[in-house]
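Examining the three-dimensional arrangement
Here's the letter readout for the chains.
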Amino acid sequence: MIKYSLKCEYDHLFEAWFESSSGFEEQCKRGFVACPQCGSTQVAKALMTPGVSTGRRKDARKQAVQVAALSTMEKEMRAKMKEVRDHIHANTEDVGASFPEEARKIHYGEAEQRGIRGAAKPEEVKSLVDEGVEIAPVPSLPDDAN
């Protein structure tokens, strides 16, 4: 097993284990390696340093503080996204899979003007946007899947 330090196209750093170097290459080629922070599959090996003890504890502490700050920032961002999502859920009607049809009716004045939310396939979203129907995705959070 080989542990690689990896970096996505947005400079997020993470680590992953692979059976071999060729296993890493194959998984990347097939889009199986994704950044745990943003989901990007544009991943490359990052510069790795050997695990040699050098007595540079100050640098290690500084890096730990930076990681903790990022973690705090990420928590704050998730809390804000949750607030936005909860506000949307509290102030809109869930129309489920009939979202595209209902959004069109509202846009063309065939139904009462109101906030709605629901589900739409990617091709339906594209069609709505092409027609000039104003829509936006509701933020989803990693905790939503659990």
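Parameters and conventions
- Per chain, residue numbering runs from 1 following the sequence as it is written.
- Only residues with pLDDT of 70 or above have their local features reported here, since the model is predicted, and side-chain atom pairs are shown and tallied only from 80 upward, although totals for entire chains, interfaces and linings are computed over all residues.
- Excluded from the side-chain calculation are hydrogens and water; included are all heavy atoms of the structure.
- Only DSSP runs of H or I covering at least 4 residues are called helices, and only runs of E covering at least 2 are called strands; the numbering of each starts at the N terminus.
- We call two residues contacting when some pair of their heavy atoms lies within 4.5 Å.
- Working definition of accessibility: Shrake-Rupley area with a 1.4 Å probe, residue cover restricted to the visible protein chains.
- Two strands make a pair as long as DSSP finds a minimum of two bridges between them.
- Throughout, an axis means a line fitted to C-alpha atoms (over the contacting stretch in the case of helices), and angles, computed between N-to-C directions, take values from 0 to 180 degrees.
- Salt-bridge detection follows one rule: a side-chain nitrogen of Lys or Arg within 4 Å of a carboxyl oxygen of Asp or Glu.
- In this scheme, a residue with accessible area under 20% of its type's maximum is buried, one over 50% is exposed, and one in between is partly exposed, where area comes from a 1.4 Å probe on protein chains only.
- The set of buried Ala, Val, Leu, Ile, Met, Phe, Trp, Tyr and Cys residues whose side-chain atoms join them within 4.5 Å is what this entry labels a nonpolar core.
- In protein, a polar contact means a hydrogen-donor-capable atom and an acceptor-capable atom, both N or O and within 3.5 Å, with residues adjacent in sequence counting only if both atoms are side-chain atoms; elsewhere, any N or O pair within 3.5 Å suffices.
- Put simply, angles under 35 degrees are roughly parallel, angles over 145 are roughly antiparallel, angles from 65 to 115 are roughly perpendicular, and the rest are oblique.
- Side-chain classes are defined by residue name, with Ala, Val, Leu, Ile, Met, Phe, Trp, Tyr, Cys and Pro counting as nonpolar, Asp, Glu, Lys and Arg as charged, and the others, Gly among them, as polar.

Attention shifts here to the overall build of the protein chain. Tallying secondary structure elements over the protein chain gives 4 helices and 5 strands in all. Listing each helix as α and each strand as β along the protein chain from the N terminus yields β-β-α-β-α-β-α-β-α. When contacts within the protein chain are restricted to residue pairs at least 6 apart in sequence, long-range pairs at least 24 apart make up 44% of them. Counting only carbon and sulfur atoms, one obtains 53% of the accessible surface of the protein chain, whose full area is about 11200 Å².

What follows is about the sheet that holds strand β1 (residues 2-8). An order of β2-β1-β3 is seen for the 3 strands of this open sheet, with the pairing classed as antiparallel. Unpaired on one side and paired on the other, β2 (13-18) and β3 (43-45) mark the two borders of the sheet. Going from strand to strand, the sheet's axes swing by 45 degrees on average, the running direction of each strand aside. Bridging between β1 and β3 involves 3 bridges; their strand directions are antiparallel. Counted as the bridge partner of C8 is V43 from β3.

Time to look at the pattern of salt bridges. Applying the stated criterion to the full structure yields 10 salt bridges. As a salt-bridge pair, E25 and K45 come within 3.9 Å of each other at their nearest N and O atoms. Taken as a pair, E25 in helix α1 (residues 21-29) and K45 in strand β3 lie far apart in primary sequence, 20 residues in all. We classify E25 as partly exposed; its relative accessible area is 41%. D86 is paired through a salt bridge with K82; the nearest N and O atoms lie 2.8 Å apart. With D86 and K82 both in helix α2 (residues 57-90) and 4 residues apart, this pair spans about one turn of that helix. Judged by its relative accessible area of 35%, D86 is partly exposed. On the accessibility criterion, K82 (40% relative accessible area) is partly exposed.

Listed in full, the 11 residues of the largest apolar core are Y4, L6, C8, F14, A16, F18, F24, C28, V33, C35 and V43. Residue contacts for V43: discarding those within four places in its chain leaves L6, K7, C8, F14, C28, V33, A34 and C35. V95, F99, I116 and V133 belong to the second largest nonpolar core, which has 7 residues in total.

Below, the discussion takes up the side chain of S40. Locating S40 in the fold gives a position in the loop between α1 and β3. Side-chain polar atoms of S40 contact the backbone nitrogen of Q42, separated by 3.1 Å.

Running from N to C, helix α3 (residues 99-107) and helix α4 (residues 122-130) point in directions that differ by 10 degrees, and their axes come no closer than 10 Å. Relative to α4, the element α3 is oriented roughly parallel. Each of F99, P100, A103 and R104 in α3 lies in contact with α4, whose residues at this interface are E124, S127 and L128. Here the residues of the contact of α3 with α4 are counted per class, giving 4 nonpolar, 1 polar and 2 charged.

Take it as geometry only, folks, not as evidence of what the structure does.
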